[in-house]
Amino acid sequence: MGHQRLLSKIATNDKHGENSPYFDGWKAYDRNPFHPTKNPQGVIQMGLAENQLCFDLIEEWIRNNSKASICTPEGVHLFRDIANFQDYHGLPQFRKGVANFMSKARGGRVKYDPERILMSGGATGANELIMFCLADPADAFMVPTPYYPAFVRDLGWRTGVQLIPVHCDSSNNFKITREALEEAYREAKQNNINVKGLIITNPSNPLGTTLDKETLKSLVRFINEKNIHLVCDEIYAATAFTTPRFVSISEVMLEMECKKELIHIIYSLSKDMGLPGFRVGIVYSYNDDVVSCGRKMSSFGLVSSQTQHFLASLLSDEDFIDRYLEISKRRLAKRHSFFTKGLETVNIACLPSNSGLFCWMNLRRLLKEKTFEGEMKLWRVIINEVKLNVSPGSSFNCSEPGWFRVCFANMDDETVEVALKRIRAFVGRETNNGKRVELKRWKSINTNKLRLSFNSRRFDENVMSPHSPMPHSPLVRAT
Amino acid sequence: MRLLSRKATCNTHGQDSSYFLGWEEYEKNPYDKVKNPNGIIQMGLAENQLSFDLLESWLAKNPDVSGFKRDGKSIFRELALFQDYHGLPLFKKALVDFMAEIRGNKVTFDPNHMVLTAGATSANETLMFCVAEEGDAFLLPTPYYPGFDRDLKWRTGVEIVPIQCTSSNNFRITESALEQAYQDARKRNLRVKGVLVTNPSNPLGTTLSRNEFDLLVDFIKDKETMHLISDEIYSGTVFSSPSFVSVMEILKEMTPNDAAKIWNRVHVVYSLSKDLGLPGFRVGAIYSENDAVVAAATKMSSFGLVSSQTQYLLAAMLSDNKFTKKYISENQKRLRRRQRMLVTGLQKAGIKCLKSNAGLFCWVDMRHLLCSNTFEAEMELWKKIVYQVGLNISPGSSCHCSEPGWFRVCFANMSQDTLNVAMKRVKNFVTDSTGAECGSSSACFTKSFSNWVFRLSSRDHRAPEER
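Predicted model, so just to flag it, every value in this text is computed and none were measured. (Residues numbered from 1 in each chain as written. Chains lettered and ligands numbered in written order. Predicted model: local features only at pLDDT ≥ 70, side-chain atom pairs only at ≥ 80, totals over all residues. Heavy atoms only, no water.)

### Points about the overall build of chain B
Note the following rule: Secondary structure is summarised from DSSP: a helix means a run of H or I of at least four residues, a strand means a run of E of at least two, and numbering begins at the N terminus for each. Here the globule rule is a power law, 2.2 Å times the number of residues to the power 0.38, and the radius of gyration is based on C-alpha atoms. Accessibility here uses a 1.4 Å probe with only protein chains present; expressed as a share of the type maximum, an area under 20% marks a residue as buried, one over 50% as exposed, and anything in between as partly exposed. Here, residues are in contact when the closest pair of their heavy atoms is within 4.5 Å. Method for areas: the Shrake-Rupley scheme with a 1.4 Å probe, in which residue coverage is limited to the protein chains shown. Residues counted as positive are Lys and Arg, residues counted as negative are Asp and Glu, and His and the chain ends are not counted. Positions of charges follow a simple convention, taking NZ of Lys, CZ of Arg, CG of Asp or CD of Glu.
A tally of helices and strands in chain B yields 18 helices and 15 strands. Taken against the 2.2 N^0.38 rule, which gives 23 Å for 467 residues, the C-alpha radius of gyration of chain B at 22 Å falls within 12% of a compact globule. A buried classification covers 64% of the 467 residues belonging to chain B. Counting contacts in chain B only where the partners sit at least 6 residues apart, residues at least 24 apart contribute 76% of the total. As presented, chain B carries roughly 16700 Å² of accessible surface, and 50% of it is formed by carbon and sulfur atoms. When the 57 positive and 51 negative side-chain charges of chain B are each reduced to one mean point, those points stand 4 Å apart.

### Topic: helix 3 (residues 23-31) of chain A
Because each turn of an α-helix spans 3.6 residues, side chains separated by three or four positions in sequence point in the same direction. Inspection of helix 3 of chain A places F23, G25, W26, A28, Y29 and D30 of chain A among the buried residues, and these make up the whole buried set. The elements touched by buried residues of helix 3 of chain A are strand 1 (44-45), helix 15 (372-386) and strand 11 (388-389) of chain A.

### Notes on the domain arrangement of chain A
All names here are of chain A. Here is the rule we go by: Delimitation of the domains relies on an automatic or database domain assignment. Using a 1.4 Å probe, buried area is obtained as the accessible area two parts lose upon being combined, added over both of them. Here, a salt bridge means any side-chain nitrogen of Lys or Arg that lies within 4 Å of a carboxyl oxygen of Asp or Glu.
The domains assigned to chain A are domain 1 (21-55 + 322-428) and domain 2 (68-316). Domain 1 and domain 2 are separated by 26 Å when their C-alpha centres are compared. Contact with domain 1, which involves 29 residues of that partner, is made by 35 residues of domain 2. At the boundary of domain 1 with domain 2, total buried surface from both sides reaches about 2800 Å², with 60% on carbon and sulfur atoms. Where domain 1 touches domain 2, the interface holds one salt bridge. Its salt-bridge partner being D322, residue K104 comes within 2.9 Å of it at the nearest N-O pair.

### Here's the deal with the UniProt feature "domain: Aminotransferase class I/classII large" (unreviewed entry) in chain A
Test applied: UniProt positions are given in the numbering used here, feature names are shortened, and annotations may be inferred rather than shown by experiment.
The UniProt entry lists residues 44-423 of chain A under the feature "domain: Aminotransferase class I/classII large" (unreviewed entry), expressed in the numbering used here. The span residues 44-423 of chain A is 42% helix and 15% strand, and its two end C-alpha atoms sit 11 Å from each other.

### Things to note about the UniProt feature "domain: Aminotransferase class I/classII large" (unreviewed entry) in chain B
What UniProt calls "domain: Aminotransferase class I/classII large" (unreviewed entry) maps, in this numbering, to residues 41-425 of chain B. Between the end C-alpha atoms of residues 41-425 of chain B the distance is 10 Å, and the span holds 43% helix and 16% strand.

### Looking at the packing of aromatic side chains
This is how the line gets drawn: Under the pairing criterion, centres of Phe, Tyr and Trp rings, with the six-membered ring standing for Trp, must be within 6.5 Å; the plane angle then separates stacked pairs below 30 degrees from edge-to-face pairs above 60, leaving the rest tilted.
Summed over all chains, the structure comprises 31 aromatic pairs over all chains. For the pair Y144 of chain B and F148 of chain B, a centre-to-centre distance of 6.2 Å together with 45° between the ring planes defines the contact as tilted. By relative accessible area, which is 5% here, Y144 of chain B ends up buried. Measuring from centroid to centroid gives 6.1 Å for F171 of chain B and W363 of chain B, while their planes differ by 80°, and the two rings are edge-to-face. Highlighted residues: F171 of chain B in the loop between strand 6 (159-163) and helix 9 (175-187) and W363 of chain B in strand 12 (residues 361-365), separated in sequence by 192 residues. Each member of the pair, F171 of chain B as well as W363 of chain B, carries the same accessibility label: buried. Taken together, the ring pairs connect F55, W61, F278, F310, F320 and Y324 of chain A together with F76 of chain B into an aromatic cluster.

### Topic: the sheet that holds strand 13 (residues 403-407) of chain A
Strands in a sheet are paired, the pairing made by backbone hydrogen bonds, and the direction either parallel or antiparallel. Residues and elements named next belong to chain A. Note the threshold: Here, strands pair whenever DSSP counts at least two bridges between them. Fitted lines through C-alpha atoms give the axes, limited to the stretch in contact for helices. The angle between two N-to-C directions lies from 0 to 180 degrees.
Taken together, four strands build an open sheet; the order of strands is 9-10-13-12 and the sheet is antiparallel. Each end of this open sheet is capped by a strand with a single partner; those strands are strand 9 (349-350) and strand 12 (391-392). Where strand 9 lies against strand 10 (residues 358-362), two bridges are found, and the strand directions are antiparallel. Residue pairing across strands places A349 opposite N362, the latter belonging to strand 10. With respect to the sheet, helix 14 (residues 318-344) is in contact with strand 9, strand 10 and strand 13, its orientation differing from that of strand 10 by roughly 15°. Seen against the sheet, helix 15 touches strand 12 and strand 13 and runs at an angle of roughly 30° to strand 13.

### Thoughts on the UniProt feature "coiled-coil region" (unreviewed entry) in chain A
The positions UniProt marks with the feature "coiled-coil region" (unreviewed entry) are residues 171-198 of chain A. Between the end C-alpha atoms of residues 171-198 of chain A there is a gap of 22 Å, over a span that is 46% helix and 14% strand.

### Some remarks on the interface of chain A and chain B
Basically, it comes down to this: Pairs of N or O atoms within 3.5 Å make up the polar contacts considered here, provided that, within protein, one atom can donate a hydrogen while the other can accept it, and that residues adjacent in sequence are counted only when both atoms are side-chain atoms. Here the term charged refers only to Asp, Glu, Lys and Arg, the term nonpolar to Ala, Val, Leu, Ile, Met, Phe, Trp, Tyr, Cys and Pro, and the term polar to all other amino acids, Gly among them.
Taken residue by residue, the interface counts 96 residues in chain A and 87 residues in chain B. Approximately 8300 Å² of surface area, both sides summed, lies buried where chain A meets chain B, with 60% of it carried by carbon and sulfur atoms. R6 of chain B is paired through a salt bridge with D136 of chain A; the nearest N and O atoms lie 3.7 Å apart. Our count for the contact surface shared by chain A and chain B stands at 24 residue pairs in polar contact (both at pLDDT 80 or more). For the side of chain A that touches chain B, the class distribution of residues is 43 nonpolar, 30 polar and 23 charged.

### What to know about helix 13 (residues 291-300) of chain B
Along helix 13 of chain B, seven of the 10 residues are buried, which leaves the element largely enclosed by surrounding structure. If you check which residues of helix 13 of chain B are buried, you get V293, V294, A296, A297, T298, K299 and M300 of chain B. Of the surrounding secondary structure, the elements contacted by the buried residues of helix 13 of chain B are helix 2 (9-12) and helix 8 (151-157) of chain A together with strand 4 (114-117), helix 7 (119-131), strand 9 (266-271) and strand 10 (284-288) of chain B. Its side-chain oxygen placed 2.9 Å from the backbone nitrogen of A292 of chain B, N290 of chain B serves as the N-cap of helix 13 of chain B.

### Considering the domain arrangement of chain B
Residue and element names in this part refer to chain B. When its domains are assigned, chain B resolves into domain 1 (4-51 + 331-430) and domain 2 (68-322). Opposite the 33 residues of domain 1 that make contact, domain 2 presents 36 residues. Of the roughly 3100 Å² buried at the junction of domain 1 and domain 2 (both faces included), carbon and sulfur atoms supply 59%. No other element matches helix 15 (residues 321-348), which puts five residues into the side of domain 1 that touches domain 2. In the side of domain 1 that touches domain 2, the residues fall into 14 nonpolar, 13 polar and six charged.

### Digging into the environment of E187 of chain A
Among the secondary structure elements, E187 of chain A is positioned in helix 9 (residues 178-190). In this structure, the C-alpha to C-alpha distance between E187 of chain A and N39 of chain A, residues 148 residues apart in sequence, is 51 Å.

### Some points on the packing of helix 16 (residues 375-389) of chain B against helix 17 (residues 416-432) of chain B
All names here are of chain B. Quick reminder of the rule: Roughly parallel means an angle under 35 degrees; roughly antiparallel, over 145; roughly perpendicular, 65 to 115; everything else is oblique. Handedness of a crossing follows from how the near helix is turned relative to the far one, being left-handed for an anticlockwise turn of less than a right angle and right-handed for a clockwise one.
Across the interface, helix 16 lies against helix 17 with an axial gap of 11 Å and an inter-helix angle of 120°. The angle between helix 16 and helix 17 falls in the class oblique. By crossing handedness, the relation of helix 16 to helix 17 is classed as right-handed. Facing helix 16, whose interface residues are L381, K384, Q388 and V389, helix 17 presents R425, V426 and F429. Counted by class, the contact of helix 16 with helix 17 contains four nonpolar, one polar and two charged residues.

### Details of the sheet that holds strand 5 (residues 195-201) of chain A
Residue and element names in this part refer to chain A. Strand order across the open sheet formed by seven strands is 2-8-7-6-5-3-4, with mixed pairing between neighbours. Looking along the sheet, the strands with just one partner apiece sit at the ends: strand 2 (117-121) and strand 4 (162-166). The mean angle between the axes of side-by-side strands here comes to 25°, regardless of whether they run parallel or antiparallel. Bridge analysis of strand 6 (residues 229-233) against strand 7 (residues 263-268) gives four bridges, and the strand direction is parallel. Bridge assignment links D233 to a residue of strand 7, and that residue is I266. Across the face of the sheet, helix 7 (residues 122-134) comes into contact with strand 2, strand 3 (140-144), strand 5, strand 6, strand 7 and strand 8 (280-285) while running at roughly 115° to strand 2. Docked against the sheet, helix 12 (residues 288-297) engages strand 2, strand 7 and strand 8, running at close to 35° with respect to strand 2.

### Describing the pairing of strand 9 of chain B
Look at any regular strand and the pattern is simple: side chains alternate between the two faces of the sheet. Residues and elements named next belong to chain B. Counting buried residues along strand 9, six of its six residues qualify, which places the element largely inside the surrounding structure. Bridge count for strand 8 (residues 227-231) against strand 9 is four bridges, and the pairing is parallel. Among the inter-strand pairings, S230 is bridged to a residue of strand 9, identified as V268. Where strand 9 lies against strand 10, five bridges are found, and the strand directions are antiparallel. Bridging across to strand 10, H267 finds its partner in S288.

Here it is, written out as structure tokens:
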């Protein structure tokens, strides 16, 4: 007897998206993970948008704030109250802390109401929750391409919502145009698809760019006119490291006529603070009914009260947060600059970007055929020969072949150097077929002196723990 | 075009039920021994607050865990980054061992067949998404946990059809009730995908008998697309005989032929919210031998993973076998004592309870206090108990009980002192109101009752999550 009837359609269809070929990259990494001393020829993980640059700041804070834990002698007097607390409103001080952090990440230009903050199981849970609130099965949400691959699962798997791509391309640096929106909307209507809203990621994954105010305003005008929702996934808000500065939808709302009840924000601490393991997803809605309904739904993915308590403490430390945001920004800027300049030396350009934990790398000139097949072929070479797990643009539903997302914040400086070295060697081979290439000299690094000593800090085996079907964290190895 | 989804605007979340609405009254006027001695005592909350001191003393002896350390070294960043939906192996191993220990080690569980979720709330919903869809129904014996209406039905579109159990046989599941439920579902054009039982039962506080297991197994055995889900979140609260029998034990005892028919259609739900008293930590689990269910549920758990910080703390705690052994036995002792207190206290007021051996509550028989054998009378009595006696207890109708007059009364979420106060109040109420007002105010009651229901259903309720 087949599984079809025993299990549900949802359980047996492919909409979880995990059967995609892109997981081959993960598998290659898991079979042969890079380690600076034990496996220097292994695959370097560059497909993981994690922020590993500022753990030292949080670790130091933890050492100095033992009451933030309900397990320490200083904090255990709260253990039973916290362990017992399952109110879906969430700890008031936690919500206050999150609202405050969100505001600071926006330079204090907007304030957030803690009463509108809903919890969910990470941004993954938040995105699904907002869909359950706004759309019925077979309804559609428009989403600009290229977009985060897991949106297919998060927005559509159990909800039955379909995604309508709004095509963006490199001709204008992937900006979302009114024309593209209208076209996508029109086509949906022609096919009798009920469009309930538009979802954007700002700052963008995978582009690493922020939307400018004009574009944001045009999006608001669009949804106002069509009377559809606007969901703004702002989970990379505090990763904006250089100008132009990040503009949140909340700021735009202050400057124009709009139907507030159509606007919702998705947030998380997984990227800005590098805490994906803590599962802190946030839905912030300007619509009272959505807040009310969403709060009930949050029962399915509340944040552990232990974690809420810890973060309430951390986020209420204003001085720490101010310092954290500033240092994080600086380190991201530095890493981004180092990486992109390194690529420039072999004429690899990335989309100019000001945010995110990755670059949108343009490898179009390396494609043997300017097709998606060509892109996949190049991708397999990068994985198997160059030994870097990067993400091909097609996995983000990009309309043009040749773009790759490369993460740079999930590793240490030395590993970035190794990655760059490999890329330079590869590009050198590909583009010159034996011709001598003049290497640009640049200030900081000389490839002959690549440091591979790690005595200055403890290098844990596999500091990086990919969110892949095959776990590879030291916490897994520990058993 | 409707602005929000249908799910957002319907009432299937069930939070307009009186079960959750009693909270409001409590929140407005909560009992405090010193500050508000006439306030309402919370007895509608199935929390286990009896054994926190044991957990706290464990923490005092294990300082490493608190500072995100293992062997003195910081593992903060590993935990911060750990979002693998397979869960922390150390935690899953500790959890399956704990579950086995609770079952007297008569069964063992394989960590690879376990899926971690954000609480049993999420586990139940996820399991529904895996095995059923709109147009399907699950049969549930009544009375059942009110939250199931939300957890099993709301976003999944699955229906619940009740298996009516009655006091005539102590609310045991009978073959005819099972058959009747099945027919009821068919009449409603629903495909029956299985049966879900809570064992030990909420709200009854009893464990399933072997006879009931036989009925259930017989029922699903030859219906090849039917599942049996056993919600065993109260398994560690069994404090007296008969001892707890898990559905996994039943499977183990079956002949290989029989077991082969159903092993991949039986699933267990677990949580640490009741046995360890940690509902805030959101630790739920699905256990199944069906690989496809485990695979699908694992992917779905992305929507509600357990915080790595919490997994780590509990891995350490539950790996301490000396501790878990002591905890399980001491916790059960305390529950037994507390239940005795409640039963005796109610007895003194001439009120009987269903004989129970588990859970954090008693199923109390107040039929003799009803003005009439109706649910309106039950509501009237409930209001009296909330407002006049000052106890928030849960009326049987909120648990879909088929007979009026039963109430669930919790005993493990308060101090002994407070329980004593509650018992005194009950005694006074019963002695004061023998032969008192019935029927005379029914006309105005009906009006005020419907006003009240209308008022309550239109508010956003500050209802803490609980069972």
